[in-house]
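Structure assessment
Here is how the chains run, residue by residue.
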Amino acid sequence: MLANRLITSASLSKDAEESMISKLKQACGFEFTSKLSRMFTDVGLSHELTDKFISHCAASNVTLNVQMTVLILQAGAWPLSAPNSTPVSGIDGKDSTAAVQVTGFVVPRILLPSIEHFERYYQASHNGRKLTWLFNLASVEVKLHYLDKVYQVTMSAHQLAILLCFETKDSLTLSYIEKATGLSDELLSRNARALVDSGILIMPKKEMNEVNEVALNFTLTSKRLRFKVLVPQLQRHVSEVLQVHDVAHLHIPFISLASLYNDVLNLIVSD
């Protein structure tokens, strides 16, 4: 699907994609390809907006603890469902302007400051618009420093939330992780299984249930210093009405996990 390729930057050739849309436009008319063209426009404008946001932060002496790339996707042009949202607690204890899915996903606190800075910047120039963050489509790049080698891993935001639960403990039950992340049973099982299959986590028992324990794999070895944890495929649900102006997808590079003092994991951000 074109939308997935654009969101994940998986297109082999942007020129080839645009050429195909141009041919479809000539053969089928503007109405048939208007949404496809809008998707390309959104991606281009989003890259420009991200560059301006980074420049704004530098000029304002704002230091972001996590750098991120944001895609602002116009509702109605993309085949994405806009979830209902509820506010989350911000870094000051008050409700953040960032919205989360009605599933109750708890956004990792390390991400909140950068998200809040971006929302304030965006709303200053787009008054009246509301962003709904699609964390189910977000990806992050994580550096694992607690192993013999430093591995750079690309994973989903849901998988990051699971991994961050191990900041203070080496092993946890799935029921604890479910409460800490707010992920549904299905999402938790799929994402935890993906982390186990990649070797980052280990689970003694094959069957997944809430009383089973999963643990960090301190003996992880891989010939590749960079690898990706596969994002689980979920059944798509199309919402009947989109009631937001824009939806936002974010890619967040280089969050690091470092092993400090008695193998307790502490979150740091690499330069």
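Here, every reference points to the structure presented above.
Everything numeric here is computed off the predicted structure, so don't read it as measured data. (Residues numbered from 1 in each chain as written. Predicted model: local features only at pLDDT ≥ 70, side-chain atom pairs only at ≥ 80, totals over all residues. Heavy atoms only, no water.)

**Looking at the packing of aromatic side chains**
Counted under the stated rule, the structure contains eight aromatic pairs. With a centroid separation of 5.2 Å and 85° between ring planes, the pair formed by Phe53 and Phe118 is classed as edge-to-face. Separated by 65 residues along the polypeptide, Phe53 in helix 3 (residues 30–59) and Phe118 in helix 4 (residues 112–125) bring together distant segments of the chain. Just as Phe53 is buried, Phe118 falls in that class too. Ring geometry for Phe118 against Trp133: centres 6.1 Å apart, planes inclined by 75°, an arrangement best described as edge-to-face. Of this pair, Phe118 sits in helix 4 while Trp133 sits in strand 4 (residues 131–133), and the two are 15 residues apart along the sequence. Here the two residues Phe118 and Trp133 agree in accessibility, since each one is buried. By way of ring pairs, the aromatic residues Phe53, Phe105, Phe118, Tyr121, Tyr122, Trp133 and Phe135 are connected into one cluster. (Phe/Tyr/Trp six-rings, centres within 6.5 Å; stacked < 30°, edge-to-face > 60°. Helix = DSSP H or I, 4+ residues; strand = E, 2+ residues; numbered from the N terminus. Buried < 20%, exposed > 50% of the residue type's maximum accessible area, 1.4 Å probe, protein only.)

**Some words on the pattern of salt bridges**
Under the defined criterion, the tally for this structure stands at two salt bridges. In this structure, Arg38 and Asp42 form a salt bridge, with 2.8 Å as the shortest nitrogen-oxygen distance. With Arg38 and Asp42 both in helix 3 and four residues apart, this pair spans about one turn of that helix. On the accessibility criterion, Arg38 (29% relative accessible area) is partly exposed. Judged by its relative accessible area of 3%, Asp42 is buried. (Salt bridge = Lys/Arg side-chain N within 4 Å of Asp/Glu carboxyl O.)

**Digging into the pairing of strand 5 (residues 139–144)**
Two elements, strand 5 and strand 6 (residues 151–156), share six bridges in a ladder whose sense is antiparallel. Pairing of Lys143 across the sheet is with Gln152, part of strand 6. (Pairing = 2+ DSSP bridges.)

**Things to note about the sheet that holds strand 8 (residues 201–202)**
Pairing is antiparallel across the open sheet formed by three strands, whose spatial order is 7-9-8. Across the chains shown, the open sheet's two edge strands, defined by having one partner strand only, are strand 7 (171–173) and strand 8.

**A word on the packing of helix 6 (residues 174–181) against helix 7 (residues 185–198)**
Between helix 6 and helix 7, whose axes approach to 11 Å, the crossing angle comes to 115°. Classified by the angle between their axes, helix 6 and helix 7 sit roughly perpendicular to one another. For the crossing formed where helix 6 meets helix 7, the hand is right-handed. For the pair helix 6 and helix 7, the contacting residues are Leu174, Ile177 and Glu178 in the first and Asp185, Leu188 and Ala192 in the second. (Axes fitted to C-alpha atoms, helices over the stretch in contact; angles between N-to-C directions. Parallel < 35°, antiparallel > 145°, perpendicular 65-115°, else oblique. Left-handed = near helix turned anticlockwise from the far one by under 90°. Contact = heavy atoms within 4.5 Å.)

**Concerning the pairing of strand 6**
A regular strand carries its side chains on alternate faces of the sheet. With five of six residues buried, strand 6 lies mostly within the body of the structure. Where strand 5 folds back onto strand 6 in an antiparallel hairpin, the turn is made up of six residues. Looking at chain direction, strand 6 and strand 10 (residues 226–228) are connected through three bridges and run parallel. Directly across from Gln152, in strand 10, lies its bridge partner Arg226.

These values are about where atoms sit, not about what they do.
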